[in-house]
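Spelled out, the chains give:
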Amino acid sequence: MQLVNGYKLMEYAKTNGLVLPAFNTTNYELTAAIIKGYEATGLGGYIAISSSNLKLSSPKIIADMVKAVMKDVCTPIALHLDHGKSFEDVKACIDAGFTSIMVDASHLPFEENIEEVKRTVEYCHFYGIPVEAELGAIGGKEDDHISEEDAKTNPADVQEFVERTNIDLLAVAIGNVHGMDMQPQLDFPLLEEIAQLSSVPLVLHGGSGIPFDQVRRAKKQNLIKVNYGSDLRQAFIRTFGQAYEKNHNEFDINSLSKQAIVNVEERVKAIIAEVNGK
Ligand code: G3H
Ligand code: ZN
């Protein structure tokens, strides 16, 4: 199956009453595990890669790999740029065939954030690709993106930000954090307020470590997408770490990579089932 356009995937989520996971990939093993997990559950969602991760590979390498792995799969999956850090990255991803984009200019002052997001939206909409942007600052660490800040989304800015930028998805900062080092404390009254004010669906970053009942509760507030990175990365790294602890002479990268795919796929399936469970 071809990659699915981000708008189509949003429609799919709406029609089926789903909150879609966005799983971050880095390499072949994570990509294969994520796509296998989607296929096994029969549910669709996003496979994502952040700007920082694209320094390790490139938009083209990632897009070609994802398309190749997707070839015999029948579940709808969009390829998403996560935390797009520059207009150049956005353009390179669109050129490579990404079907959904996030531009993250949330570190900039409000007006500059709007300007940066606006020009990305104009560009992406020309190619029929939806855009996600962030308002507020999500604390914690993701790849080489570290935010010491923990500034929640200001509800007073929501309407203006959404209207002036013309974004399709709004990433919120409501106490969610990146990584596994900090404890997420979701502010549900704030989420409810933002949901009332936003004319576009919401996205929750920092999914790893958020109790699933809280994700399901957030789903009721027009949440359409929840991002998972560290959870899968830990499953991947743990596979190699445990093998090394057992045998310091271990060198069978082939079997361990296969095992890592199995272990990550298990996490993918569990997460997909949990976020839309009862
Ligand atoms: O953008 C990606 C996610 O927000 C990943 O966060 O590593 O805490 O799951 P996480
Ligand atoms: Zn994130």
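Owing to the predicted nature of the structure, the values given are computational and were not obtained by experimental measurement.

1. Regarding the overall build of the chain
Now for step 1: If you tally the helices and strands in the chain, you get 10 helices and 11 strands.
Now for step 2: Relative to the globule expectation of 19 Å for 278 residues, the C-alpha radius of gyration of the chain, 18 Å, shows essentially globular dimensions.
Now for step 3: For the C-alpha atoms alone, the extent of the chain along its principal axes is close to 55 × 40 × 35 Å.
Now for step 4: The buried share of the chain, reckoned over its 278 residues, is 56%.
Now for step 5: If you take every contact in the chain between residues at least 6 apart in sequence, the share linking residues at least 24 apart comes to 71%.
Now for step 6: Put simply, the chain shows about 12,300 Å² of open surface, and 52% of that area lies on carbon and sulfur atoms.
Now for step 7: The chain carries 26 positive and 39 negative side-chain charges, and their two centres are separated by 6 Å.

2. Thoughts on the sheet that holds strand 1 (residues 20–24)
Now for step 1: The strand order 1-2-3-4-5-8-10-11 describes a closed barrel built from 8 strands, whose pairing is parallel. The sheet shows a mean angle of 25° between the axes of neighbouring strands, taken without regard to direction.
Now for step 2: Against the sheet, helix 5 (residues 110–126) makes contact with strand 4 (100–103) and strand 5 (131–135), and its axis sits at roughly 175° relative to strand 5, the strand it touches most.

3. Details of the site of ligand 1
Now for step 1: If you check the shell around ligand 1, you find 15 residues, and the closest are Asp82, Gly179, Gly206, Ser208 and Ser230.
Now for step 2: At 3.2 Å, a side-chain N or O of His83 approaches an oxygen atom of ligand 1.
Now for step 3: Within the side chain of Ser230, an N or O atom sits 2.5 Å from an oxygen atom of ligand 1.
Now for step 4: In isolation ligand 1 exposes 300 Å². Once the protein is present, 100% of that is buried.
Now for step 5: Secondary-structure elements contributing two or more residues to the shell around ligand 1 are strand 3 (77–84), strand 9 (177–178) and strand 11 (223–228).
Now for step 6: Grouping the constituent residues of the shell around ligand 1 by class yields 2 nonpolar, 11 polar and 2 charged.

4. A closer look at the coordination of the zinc ion (ligand 2)
Now for step 1: Taken together, His83 (NE2), His178 (NE2) and His205 (ND1) make up the protein donors of the zinc ion (ligand 2), found 2.1 Å from the metal.
Now for step 2: All donors of the zinc ion (ligand 2) belong to a single chain; written as a sequence motif, their spacing is H-x94-H-x26-H. Here His83, found in strand 3, pairs with His205, found in the loop between strand 10 (202–204) and helix 8 (212–219); they are 122 residues apart in sequence, far enough to count as distant.
Now for step 3: Under the relative-accessibility criterion, His83 is labelled buried at 3%.

5. Observations regarding the side chain of Thr75
Now for step 1: Tracing the backbone through its elements, the reader meets Thr75 in the loop between helix 3 (59–70) and strand 3.
Now for step 2: Residue classification places Thr75 among the buried residues on the basis of a relative accessible area of 5%.

6. Considering the pairing of strand 11
For a regular strand, side-chain orientation follows a simple rule: the groups alternate between the two sheet faces.
Now for step 1: For strand 11, the buried fraction is high: 6 of the 6 residues fall into the buried class.
Now for step 2: Relative to strand 11, strand 1 runs parallel, the two being bridged by 4 bridges. Of the residues in strand 11, the one forming a bridge with Ala22 is Asn227.
Now for step 3: Handedness of the crossover is the feature at issue here: the chain leaves strand 10, passes through helix 8, returns alongside strand 11, and the resulting connection is right-handed.

7. Comments concerning the side chain of Thr120
Now for step 1: Tracing the chain through its elements places Thr120 in helix 5.
Now for step 2: When near neighbours in sequence (up to four residues on either side) are disregarded, Thr120 contacts Phe87, Val90, Ile101, Val103 and Val131.

8. Regarding the packing of helix 2 (residues 28–41) against helix 3
Now for step 1: Packing of helix 2 against helix 3 brings their axes to within 10 Å, and their N-to-C directions diverge by 40°. Considered as vectors, helix 2 and helix 3 are oriented oblique to each other. Relative to helix 3, the crossing made by helix 2 is right-handed. Contacts between helix 2 and helix 3 involve Tyr28, Thr31, Ala32 and Ile35 from the former and Met65, Val66, Val69 and Met70 from the latter.
Now for step 2: A class-by-class count of the residues in the contact of helix 2 with helix 3 yields 7 nonpolar, 1 polar and no charged.

Rules used in this analysis
- Residue positions are counted from 1 within each chain, in the order its sequence is given.
- All chains are assigned letters beginning at A, and all ligands numbers beginning at 1, according to the order in which they are written.
- The predicted origin of the model limits local features to residues at a pLDDT of at least 70 and limits the giving and counting of side-chain atom pairs to 80 or more, whereas totals for whole chains, interfaces and linings rest on all residues.
- The side-chain values count all of the structure's non-hydrogen atoms but skip hydrogen atoms and water molecules.
- Only DSSP runs of H or I covering at least 4 residues are called helices, and only runs of E covering at least 2 are called strands; the numbering of each starts at the N terminus.
- Atoms counted for the radius of gyration: C-alpha only. Globule rule: 2.2 Å times residue count to the power 0.38.
- Here's how the labels work: a residue is buried when its accessible area is under 20% of the maximum for its type, exposed when over 50%, partly exposed in between, all with a 1.4 Å probe on protein chains only.
- Between two residues, a contact is recorded if the distance between any of their heavy atoms is within 4.5 Å.
- Surface accessibility in these figures is a Shrake-Rupley result with a 1.4 Å probe; residues are shielded only by whichever protein chains are displayed.
- We treat Lys and Arg as the positive residues and Asp and Glu as the negative residues; His and chain ends play no part in the count.
- All charge positions are set by atom: Lys at NZ, Arg at CZ, Asp at CG, Glu at CD.
- Strands qualify as paired when DSSP identifies two bridges or more between them.
- Comment: axis = line fitted to C-alpha atoms, over the contacting stretch for helices; angle = value between 0 and 180 degrees taken between N-to-C directions.
- Near residues are defined by distance, with any heavy atom within 4 Å of the molecule or strand qualifying the residue.
- For the purposes of these results, a polar contact is taken to be a pair of N or O atoms within 3.5 Å, where, inside protein, one atom must be able to donate a hydrogen and its partner to accept one; residues adjacent in sequence count only when each atom of the pair is a side-chain atom.
- By the convention adopted, Pro, Cys, Tyr, Trp, Phe, Met, Ile, Leu, Val and Ala count as nonpolar, Lys, Arg, Asp and Glu as charged, and the other residues, Gly among them, as polar.
- As a rule, N, O and S atoms within 2.8 Å of a metal are its donors, except that Na, K and Ca use 3.2 Å; water is not among the atoms, so sites may look incomplete.
- By the criterion used throughout, a crossover qualifies as right-handed when its path from the first strand across the helix to the second strand runs clockwise, the strands pointing away from the viewer.
- When describing relative orientation, an angle under 35 degrees is termed roughly parallel and one over 145 degrees roughly antiparallel, while 65 to 115 degrees is termed roughly perpendicular and anything else oblique.
- Definitions for this section: a left-handed crossing has its near helix turned counterclockwise from the far helix by less than a right angle. A right-handed crossing has that turn clockwise.

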